[in-house]
Amino acid sequence: TKHSLKSSETVVYGNQWLIFLYVGYEYDPEDPWKGLLRSEILICGFKHVFTSPSSVDNEPKAMCSGNTYLHSMKSVTKGSLAYIATQIWFLLTSLSVFSCTDSVTDLENFYHSILNLLEDPDESEEVVDLMMWWMWSVIHLAILL
């Protein structure tokens, strides 16, 4: 419950997958990859950081170029995806300071657990599919805008 999480009675470890990572915020135990790292909140977070805050609404209003353009970013990277997931996890907490060594969220372990999954050779087929999906869902749209 919310109270047990706030009081640290219940601890969510960094290697546990949180529901916000899944499309529709639904986990399928029969197919753990189904919707993983494709949720709307991750897409909005990624667009906000890497394209521009106004791109979240699909109506570009920004007068300045986004980070994808400024840094010649041509694709979503595994690291950028893990970074955004970590930032969203932090934003969903009640913490006021981002810390890699935080014992409540275990952000550093969370980041590395996502990155390790994305770099696992046994998961390469699913990862290629995921990264292509991100390319077309986010970067492709940013280039068109």
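Below: a short report on this structure. (Residues numbered from 1 in each chain as written. Predicted model: local features only at pLDDT ≥ 70, side-chain atom pairs only at ≥ 80, totals over all residues. Heavy atoms only, no water.)

## Digging into the overall build of the protein
Per the secondary structure count, the protein includes six helices and zero strands. Looking at the protein as a whole, 36% of its 145 residues qualify as buried. Looking at the protein alone, contacts between residues at least 24 apart form 59% of all its contacts between residues at least 6 apart. Just so you have it, the protein exposes about 8900 Å², and 57% of that area is on carbon and sulfur atoms. (Helix = DSSP H or I, 4+ residues; strand = E, 2+ residues; numbered from the N terminus. Buried < 20%, exposed > 50% of the residue type's maximum accessible area, 1.4 Å probe, protein only. Contact = heavy atoms within 4.5 Å. Areas by Shrake-Rupley, 256 points an atom, 1.4 Å probe, with all protein chains shown as cover.)

## Quick notes on the nonpolar core
Within the largest apolar cluster, 30 residues are counted, with the highest numbers of intra-cluster contacts made by Leu21, Leu37, Leu42 and Trp134. Only α2 (40-51), α4 (78-92), α5 (107-119) and α6 (124-144) provide two or more residues apiece to this core. Ranked by residue count, the leading element in this core is α4, at seven residues. Ignoring sequence-local partners within four residues, the contact set of Leu37 consists of Leu21, Leu42, Leu81, Ile114, Leu118, Leu130, Trp133 and Trp134. (Core = buried A, V, L, I, M, F, W, Y, C linked by side-chain atoms within 4.5 Å.)

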